[in-house]
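Remarks on the overall topology
As a plain string of letters, each chain reads:
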Amino acid sequence: MKRTQTDRNLLNFSGGPGALAASVLKQVQASIESVPEVGLSILGISHRSKWFTDLVIETEQRIRTLLNLSEQYHVLFLQGGATQQFSTVAMAFNHSEPNKPKHPAQYLDTGYWSGKSIEGAQLKPQPENSASDIHVAWSGKAKRYTTLPQRAELESVLSPNAPYFHYVSNETVEGLQFKEVMGLEGVPRICDMSSDFLSAPIAADRFSLIYAHAQKNLGPAGVTIVVIKDEMLAKISPNVPTFLDYRTHVRAHSNFNTPPVFAIYVVNLITQWLMSEIGGLANMGAINQQKANDLYKVIDASGGFYKCDVSPAHRSVMNVSFKLAEQSLEEAFLSKALSYGFSGLGGHRSVGGIRASLYNGVTLEAVNELSEFMRDFQQRA
Ligand SMILES: *Cc1c(COP(=O)(O)O)cnc(C)c1O
């Protein structure tokens, strides 16, 4: 093996915050002292400066280019993480007219984060036996979240009258990923893409609202990107307080109060890296697919030593969740991996096991080294 136990430079396979490209980290490092065009530390640049307002415009422009977004969409840089969006979405579009009979918003329950999105969308704990504001159209719970619904199967249980349909494109904890767009045409589609945003091309024009925080593929924690279709703004409840109203942030160009200047700066550098070093989302998608294929191959060729329970058609390209058939070996696996410099491989605290997250910033070389380590560990076990 190339890696030795004395290698201090850890490879980051964390579920999030995740690895970022080395070339971007170099620029970030220099910017702490001084951003070349400004002469000030990135941590002390005014959000009202022309440099920063231009930076927001440029970052938005790059996201538009990468996603091929039409003028019908607004791109916002907000705070509060994806968790804030769980509630903001519901307040804006599902609790608008409290006295009017209405149809519930429809949600998919496909894993840990969609479960959180459903909890976060309830205004308050639901009294027992009361009608919920939310209809869970499909749940993977009985199958222990190892599979996802087929599009056709779902269409028969979705309502054309729902104010919106919400799902999570990539279940970060369980390692499940939708490979096609879900939902009925004509019902606004809202998607939490926190763990696979800008990891591959998407049909963005089929969504009414997409949200994704930065810390999995695009930068540090602190900024959440919202892509919202203009026609959705007119549907926002009149009862929503100013700060929670998307229109406030559209009008202010994401500069209503002090935005996370540093986090947006890093997202700007990552989008530049995606465009010029990687060559766009098609290339990024191909690299990410290669990384995932390599790792799943090690698991599938292990004769059951490593086990991935996720149905093959829904295996995530971003998060490879697996177990060791002999559970007692997992602790040894994790500590030996860490001693060889593979960091962040412990499964999410809710499920345990092993999880290798292969976000944009994780190189193919790092995945090759991990594959080699896994084969070697099996041989010696
Ligand atoms: C990590 C993650 C979250 C949590 O986001 P916060 O920014 O911590 O609120 C939500 N959704 C998905 C899909 C995630 O992967």
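A few points on the structure. Bear in mind that the values here come from a model prediction, so they are computed numbers and not experimental data.

Brief notes about the sheet that holds strand β12 (residues 319-324)
Judged by pairing direction, the sheet is antiparallel, and its 3 strands sit side by side in the order β11-β12-β14 without closing on themselves. Sheet topology places β11 (306-307) and β14 (354-357) at the edges, where each strand pairs with a single neighbour. When β11 meets β12, the two strands line up antiparallel, connected through 2 bridges. Bridge pairing links K307 to K323 in β12. Contacts from helix α9 (residues 281-300) reach β11, β12 and β14, with the element oriented near 15 degrees to β12.

Focus: the packing of α9 against helix α11 (residues 364-380)
How two helices sit against one another is set out by the angle between their axes and by the gap between those axes. Where α9 contacts α11, the two axes come as close as 9 Å, and the packing angle between them is 0 degrees. As far as their axial angle goes, α11 and α9 are roughly parallel. Along the contact surface, α9 presents Q290, K291, D294, L295, V298 and I299, while α11 presents L364, V367, N368, L370, S371, M374 and R375. Class assignment for the residues of the contact of α9 with α11 results in 7 nonpolar, 3 polar and 3 charged.

Quick look at the side chain of Q122
By secondary structure assignment, the location of Q122 is in the loop between α4 (112-120) and β4 (134-139). Here the side chain of Q122 touches I118 through a polar contact of 3.4 Å, landing on its backbone oxygen. Setting aside chain neighbours within four positions, we find Q122 in contact with S132, D133 and I134.

What to know about the site of the ligand
T83, T172, D192, H213 and K216 are the nearest of the 14 residues found near the ligand. A82 places a main-chain nitrogen or oxygen 3.2 Å from an oxygen atom of the ligand. Between the ligand and K216, the relevant distance is 2.6 Å, taken from an oxygen atom to a side-chain nitrogen or oxygen of the residue. Taken by itself the ligand offers 390 Å² of open surface, and the protein chains cover 87% of this. Partitioned by chemical class, the residues of the shell around the ligand number 4 nonpolar, 8 polar and 2 charged.

Conventions we followed
- Residues numbered from 1 in each chain as written.
- Predicted model: local features only at pLDDT ≥ 70, side-chain atom pairs only at ≥ 80, totals over all residues.
- Heavy atoms only, no water.
- Pairing = 2+ DSSP bridges.
- Helix = DSSP H or I, 4+ residues; strand = E, 2+ residues; numbered from the N terminus.
- Contact = heavy atoms within 4.5 Å.
- Axes fitted to C-alpha atoms, helices over the stretch in contact; angles between N-to-C directions.
- Parallel < 35°, antiparallel > 145°, perpendicular 65-115°, else oblique.
- Nonpolar A, V, L, I, M, F, W, Y, C, P; charged D, E, K, R; others polar.
- Polar contact = N/O pair within 3.5 Å; in protein donor to acceptor, adjacent residues only side chain to side chain.
- Near = heavy atom within 4 Å.
- Areas by Shrake-Rupley, 256 points an atom, 1.4 Å probe, with all protein chains shown as cover.

Nothing here speaks to function; it is geometry throughout.
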